[in-house]
Amino acid sequence: MSGVALITGGQQGIGLGIATALRDAGWRLAIAAEQPPEAVRDAMSALPEARYYQHDLAEIDTISSLLDAVEADLGPVTALICNAGVPARIRGDMLEMLPENFDWTMNINLRGNFFLAQQVARRMLARPGGEYRAIIFVTSVSAEMVSVERAEYCMSKAGASMMAKLFAARLAGDNIGVFELRPGIVETPMTAAVSGKYDALIAGGLVPAGRWGKPADIGRVVLPLLRGEMAFSTGSVIAVDGGLSIPRL
């Protein structure tokens, strides 16, 4: 099974790992991110078959035009991967967090992703036929694991975890599977600035697998979810973290 996959943030990092796996499996790809096309031209050269759409998740009024453009170019979206997100704007003491920094993270990671998924789900339900469709929310081990220096990020991912469960319960009867993927420490542009810190932690045994995660690790997990091979597991949380989130003594 293949179809049209809309991947937010699919031009880099985890999103690119997912996009590459889907491309190799024959999916038609729509990549959406906030950067103008010229800024991602080099990155998108790795996916010459994909269509790129500039879209800021915080601008929910533009969701309809995004989906209209994707449908006109590629056809109706049969898989949505809500991957794009932002970290804490400033890492530091949560007691010093500014409201504008809290709002920035929540507007993208929660509000933007919710209303995009809402509109995609509405369009899926409006189309006749019983084909399997899927929505995937890429969250983080930070949905459960506390980092007090980036509290707003942790809260946004915990909220996104509940969002995935809510969509799963609402859409299960309509043959639309919804899943949450929880990556751990993954080698991406977002983690580049703190790579030294995590190199030391991984060397010290923080991750049982003994290595950084790669975007391709997440990409390999996505395919069976979109194909319907795990349809009866809708609502599941799938850790992709090398064992990081396993409680240990």
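The structure we're discussing is the one just above.
Remember, predicted model here, so these are calculated numbers, not experimental data.

Caption draft 1: View of the side chain of lysine 157. Within the secondary structure, lysine 157 is located in helix 5 (residues 151-171). One buried charge, lysine 157, has no salt-bridge partner; the nearest side chain with opposite charge is glutamate 180, at 8.6 Å. Non-local contacts of lysine 157, meaning those with residues more than four positions away in its chain, are made with Asn109, Val138, Thr139, Ser140, Ser142 and Ala143.

Caption draft 2: Seen up close, the packing of helix 1 (residues 13-24) against helix 7 (residues 215-227). Helix 7 packs onto helix 1 with a crossing angle of 50° between their chain directions and a minimal axis gap of 7 Å. By the angle between their directions, the pair helix 1 and helix 7 is classed as oblique. Handedness of the helix 1/helix 7 crossing: right-handed. Taking contact as the criterion, the partners of Gly13, Ile14, Gly17, Ile18, Ala21 and Leu22 in helix 1 are, on helix 7, Pro215, Ala216, Ile218, Gly219, Val222, Leu223 and Leu226.

Caption draft 3: Geometry of the pattern of salt bridges. This structure, assessed with the given rule, holds 14 salt bridges. Measuring nitrogen to oxygen at the nearest pair gives 3.5 Å for the salt bridge that ties glutamate 149 to arginine 91. Linking glutamate 149 in the loop between strand 5 (133-138) and helix 5 with arginine 91 in the loop between strand 4 (79-82) and helix 4 (99-126), this pair joins segments that are 58 residues apart in sequence. Glutamate 149 sits in the partly exposed class, given a relative accessible area of 24%. When its relative accessible area of 38% is taken as the criterion, arginine 91 is described as partly exposed. When salt bridges that share partners are traced, they join Glu144, Lys165, Glu180 and Arg182 into one network.

Caption draft 4: A look at the sheet that holds strand 1 (residues 4-8). If you trace the 7 strands from one edge of the open sheet to the other, you get 3-2-1-4-5-6-7, paired in parallel fashion. In this open sheet, the two edge strands, each paired with only one partner strand, are strand 3 (51-54) and strand 7 (237-240). Adjacent strand axes in the sheet meet at a mean angle of 20°, parallel and antiparallel pairs treated alike. Bridge analysis of strand 1 against strand 2 (residues 28-33) gives 5 bridges, and the strand direction is parallel. Residue pairing for strand 2: threonine 8 is matched across the bridge by alanine 32. Most of the contacts of helix 7 go to strand 6 (residues 176-183), to which it runs at about 165°, and overall it touches strand 4, strand 5, strand 6 and strand 7.

Caption draft 5: Representation of the pairing of strand 7. Residues Ile238 and Val240 point to one face of strand 7 and are all buried, whereas Val237 and Ala239, pointing to the other face, are not buried. Strand direction decides the pairing type here: strand 6 and strand 7, joined by 4 bridges, are parallel. By the bridge assignment for strand 7, arginine 182 is matched with alanine 239.

Caption draft 6: Representation of unusual backbone geometry within the structure. Despite not being glycine, asparagine 175 shows a phi value in the positive range, around 60°. According to the relative accessible area criterion, asparagine 175 is partly exposed, its value standing at 32%.

Caption draft 7: Fine view of the environment of glycine 17. Checked against the element boundaries, glycine 17 lands in helix 1. A residue is classified by how much of its surface remains accessible, and glycine 17, at 11% relative accessible area, is buried. Spatially, the C-alpha atoms of glycine 17 and valine 222 are 9.9 Å apart, while their sequence positions differ by 205 residues. Residues in contact with glycine 17, not counting those within four places in the same chain, are Pro215, Ala216 and Gly219.

Each value, and the rule that gives it
Residues numbered from 1 in each chain as written. Predicted model: local features only at pLDDT ≥ 70, side-chain atom pairs only at ≥ 80, totals over all residues. Heavy atoms only, no water. Helix = DSSP H or I, 4+ residues; strand = E, 2+ residues; numbered from the N terminus. Buried < 20%, exposed > 50% of the residue type's maximum accessible area, 1.4 Å probe, protein only. Lys, Arg positive; Asp, Glu negative; His and termini not counted. Salt bridge = Lys/Arg side-chain N within 4 Å of Asp/Glu carboxyl O. Contact = heavy atoms within 4.5 Å. Axes fitted to C-alpha atoms, helices over the stretch in contact; angles between N-to-C directions. Parallel < 35°, antiparallel > 145°, perpendicular 65-115°, else oblique. Left-handed = near helix turned anticlockwise from the far one by under 90°. Pairing = 2+ DSSP bridges.

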